[in-house]
Amino acid sequence: MKYLYYPGCSQKGTSRSYEESLFAVLSKLDIEFEELDDWNCCGTTTVISVNKVLSLTLAARNLALARPTGLPLITPCPSCWLSLTKANMVLSEGGTLPEKVAAALAAGGLTYDGGTVVRHLLEFFVNEVGIRGIEESVKAHLTGLRVAPYYGCQLVRPYAPYDDGYDPQNLEKVIEATGAEPAAFEVKTACCGGTMMTTRRDVGGGMSMKILRNIREAGADLVVTACPLCQLNLELVQYRENSWPRGGDALPILNITQLIGLAMGISRKELGFSRLLLPGVERSIIGKQQQMAEAVGG
Amino acid sequence: MERQALVEAEQQNDLLEQIAALPEGERVLSCLQCGTCSATCPVAPMLEHSPRQIFAMVRAGMRTEVLRSLTPWMCSSCYECTVNCPAQIKITEIMYALKRTAIRERLTTDESDVHRFYKLFTQIVCKFGRIHELLLLLKYMMLRHPVGLLSQSLVGLRMMSTGCMRIQPHKLRNQESFDRMVEKALTFEE
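Residues numbered from 1 in each chain as written. Chains lettered and ligands numbered in written order. Predicted model: local features only at pLDDT ≥ 70, side-chain atom pairs only at ≥ 80, totals over all residues. Heavy atoms only, no water.

1. Examining the overall build of chain B
- Within chain B, the secondary structure is distributed over twelve helices and zero strands.
- Listing each helix as α and each strand as β along chain B from the N terminus yields α-α-α-α-α-α-α-α-α-α-α-α.
- Principal axes of the C-alpha set define a box for chain B whose edges measure 65 × 40 × 30 Å.
- Across the 190 residues in chain B, those meeting the buried criterion constitute 50%.
- In chain B, 62% of the contacts between residues at least 6 apart in sequence involve partners at least 24 apart.
- Approximately 9,700 Å² of chain B is accessible, and the part contributed by carbon and sulfur atoms is 54%.
- With 23 positive and 21 negative side-chain charges, chain B shows a spacing of 9 Å between the two charge centroids. (Helix = DSSP H or I, 4+ residues; strand = E, 2+ residues; numbered from the N terminus. Buried < 20%, exposed > 50% of the residue type's maximum accessible area, 1.4 Å probe, protein only. Contact = heavy atoms within 4.5 Å. Areas by Shrake-Rupley, 256 points an atom, 1.4 Å probe, with all protein chains shown as cover. Lys, Arg positive; Asp, Glu negative; His and termini not counted. Charge placed at Lys NZ, Arg CZ, Asp CG, Glu CD.)

2. Examining the packing of aromatic side chains
- Applying the stated criterion across every chain, the model contains eleven aromatic pairs over all chains.
- Ring geometry for Phe124(A) versus Phe125(A): centroids 6.2 Å apart, planes at 75°, classification edge-to-face.
- Phe124(A) sits in the buried class, given a relative accessible area of 0%.
- On the basis of an interplanar angle of 55° and a centroid distance of 5.9 Å, the ring pair of Trp73(B) and Tyr118(B) is categorised as tilted. Of this pair, Trp73(B) sits in helix α6 (residues 71–74) while Tyr118(B) sits in helix α9 (residues 114–128); the two residues are 45 residues apart in sequence, bridging distant segments of the chain.
- A residue is classified by how much of its surface remains accessible, and Trp73(B), at 2% relative accessible area, is buried.
- Taken together, the ring pairs in this structure connect Tyr3(A), Tyr5(A), Phe23(A), Phe33(A), Phe124(A) and Phe125(A) into an aromatic cluster. (Phe/Tyr/Trp six-rings, centres within 6.5 Å; stacked < 30°, edge-to-face > 60°.)

3. Quick look at the pairing of strand β5 (residues 146–150) of chain A
All names here are of chain A.
- Burial within β5 is extensive, with four of its five residues counted as buried.
- In this sheet, strand β6 (residues 181–182) lies alongside β5 in parallel orientation, the contact comprising two bridges. For Val147, the partnering residue across the bridge sits in β6 and is Pro182.
- The β-α-β motif built from β5, the intervening helix α7 (residues 170–177) and the parallel element β6 has right-handed crossover chirality. (Pairing = 2+ DSSP bridges. Right-handed = clockwise from strand over helix to strand, strands pointing away.)

4. Brief notes about the interface of chain B and chain A
- Opposite the 58 residues of chain B that make contact, chain A presents 61 residues.
- A combined buried area of about 5,400 Å² lies between chain B and chain A, and 63% of that area is made up of carbon and sulfur atoms.
- Across the contact surface, chain B and chain A share four salt bridges.
- The partner of Glu24(B) in a salt bridge is Lys52(A), and the shortest N-O contact between them spans 2.8 Å.
- Scanning the region where chain B abuts chain A turns up 22 residue pairs in polar contact (both at pLDDT 80 or more).
- Listing elements by their share of the side of chain B that touches chain A, those giving two or more residues are α7 (80–84), α8 (91–104), α9, α10 (133–144), α11 (146–161) and α12 (175–185) of chain B.
- It is α9(B) that contributes the most residues to the side of chain B that touches chain A, eight residues altogether.
- In terms of residue class, the side of chain B that touches chain A is made up of 31 nonpolar, twelve polar and 15 charged. (Buried area = accessible area lost by both parts, 1.4 Å probe. Salt bridge = Lys/Arg side-chain N within 4 Å of Asp/Glu carboxyl O. Polar contact = N/O pair within 3.5 Å; in protein donor to acceptor, adjacent residues only side chain to side chain. Nonpolar A, V, L, I, M, F, W, Y, C, P; charged D, E, K, R; others polar.)

5. Structural notes on the state of the cysteines
- Counted according to the given criterion, the structure contains zero disulfides over all chains.
- For Cys81(B), which is in no disulfide, the shortest distance to another cysteine sulfur is to Cys75(B) and amounts to 6.3 Å. (Disulfide = S-S within 2.5 Å.)

6. A short note on the packing of helix α6 (residues 121–137) of chain A against helix α11 (residues 256–264) of chain A
Residues and elements named next belong to chain A.
- Put simply, α6 and α11 touch, their axes get as near as 12 Å, and they point 15° apart. Taken together, the axis directions place α6 and α11 in an arrangement best described as roughly parallel. With respect to the hand of their crossing, α6 and α11 are arranged in left-handed fashion. Note on element contacts: α11 touches α6 through Thr257, Ile260 and Met264, opposite Leu121, Phe125, Ile134 and Ser137. (Axes fitted to C-alpha atoms, helices over the stretch in contact; angles between N-to-C directions. Parallel < 35°, antiparallel > 145°, perpendicular 65-115°, else oblique. Left-handed = near helix turned anticlockwise from the far one by under 90°.)

7. Regarding the sheet that holds strand β2 (residues 32–35) of chain A
Residues and elements named next belong to chain A.
- Sheet architecture is open: four strands sit in the order β2-β1-β3-β4, paired in parallel fashion. The open sheet is flanked by β2 and β4 (118–120), the only strands paired with a single partner. Strand-to-strand twist of the sheet, defined as the mean angle between neighbouring strand axes without regard to direction, takes the value 40°.
- As paired elements, strand β1 (residues 2–5) and strand β3 (residues 73–75) share two bridges and run parallel to each other. In the strand pairing of β3, Leu4 is matched with Leu73.
- Here helix α4 (residues 78–92) sits on the sheet and contacts β3 and β4; the angle it forms with β4, its principal contact strand, is near 155°.

8. Focus on the side chain of Thr189(A)
- On the secondary structure map, Thr189(A) appears in the loop between β6 and α8 (196–199).
- For Thr189(A), a relative accessible area of 13% corresponds to the buried category.
- With residues near it in sequence (within four places) discarded, Thr189(A) still touches Tyr151(A), Gly152(A), Cys153(A), Val156(A), Arg157(A), Gly165(A), Pro168(A) and Glu80(B).

9. Comments concerning the nonpolar core
- In terms of nonpolar packing, the biggest core is built from 80 residues, with Tyr6(A), Leu84(A), Ile91(B) and Leu98(B) touching the most fellow members.
- Setting aside residues no more than four positions away along its own chain, Tyr6(A) makes contact with Leu36(A), Trp39(A), Asn40(A), Cys41(A), Cys42(A), Asn62(A), Leu73(A), Ile74(A), Thr75(A), Pro76(A), Cys80(A) and Leu84(A). (Core = buried A, V, L, I, M, F, W, Y, C linked by side-chain atoms within 4.5 Å.)

10. A closer look at the sheet that holds β6(A)
- Taken in spatial order, the four strands make up an open sheet running β6-β5-β7-β8 (chain A), and their pairing is parallel. Across the chains shown, the open sheet's two edge strands, defined by having one partner strand only, are β6 and β8 (253–255) of chain A.

Encoded structure:
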């Protein structure tokens, strides 16, 4: 089965581990993702803070490029998902905005009359691959591993068409399908700080640290996210502050596709583990897995 | 007398009118001042003006104070306020509008350089079609935080060594068409 893939900028840079693990997992599932040709930045929350027509036009160009294929556009990034979804909504409403965006698209030789379906990868895994589909592909059950499901904000706010916005469950479902145990914690939909990790380190860092403290209290072995910026920020704040407990290890922050891939028995190299920011994280997961294997073997 | 002044302020309140005229701003007049936005906002404790106060200031016609406030620039776009507002005001969208207005009217405050980060990000996307993290961080840090650049370079080098920080920017295939589209979009002020 073939789908159209919108990577978003992070997948080609800071989040290469997310993309590599995604493709490793897809090949095991016999699913083909074809990258949208000549895609551009979705505009995210940044461009809309500078120029709204430009922001919607950037998103709309991708929707216009995808339209002739008739395929749904799947993105692993919640911020891309939100920008593209919002553009679809605004362009279908009245007012002058759709006209202005249409004029800008026309200047580039493009038209868009709606119709491109945009889906986020997590929802795709839950509803299209299916939890049973993931379970059937699992070769090495991750029994005994306690995994914190961290959603962040834009995956569930302001829209949550595929999950409960206040108590989402899709990550938990995927974690359970791998044989691991979801660790319950309070702030699973709190914001990691977003770009403030760069522009206001005091504020952004504080927000990420608060989430990590809560996760540690919940006794999780590692964290999974379905957002490239959440994944980066929770690693970055630990790297910068060297903030893991004295003598202890950093808390590993994995992309959800890396967790699925581990359960499928895919090698850590293929899953992009060497691209993670935190040194030693790989070691701590291998250690935990060895403990698990010994426990099972013994 | 004070009440009279407030009524007059509301009558000549062009910022309020401007927000109410936005597609996302129509419900701004329904604000109850209940403070749910401030209670759910993760950065509110660090703000001089909480979101609730911003809406009171808009209502009171404190145009310059609102547009010079750090609050919109500290908004992380987490949408907590938006989904919890009992008056269904699209608060996050209004924060975007306040940021755009502050940039347009050159009222951005020097206390914060978040607007410079946003403008650099937008410039890079306009030029290459995608963001180029290395260029963004180098330009932003050199401009504002030359000392921070040194401490940041360790993280940057680590990310280059893992292949997660591209050296060369991406090139679009249809650059000319993209340029014409961006040029046209920038002619609209909204």
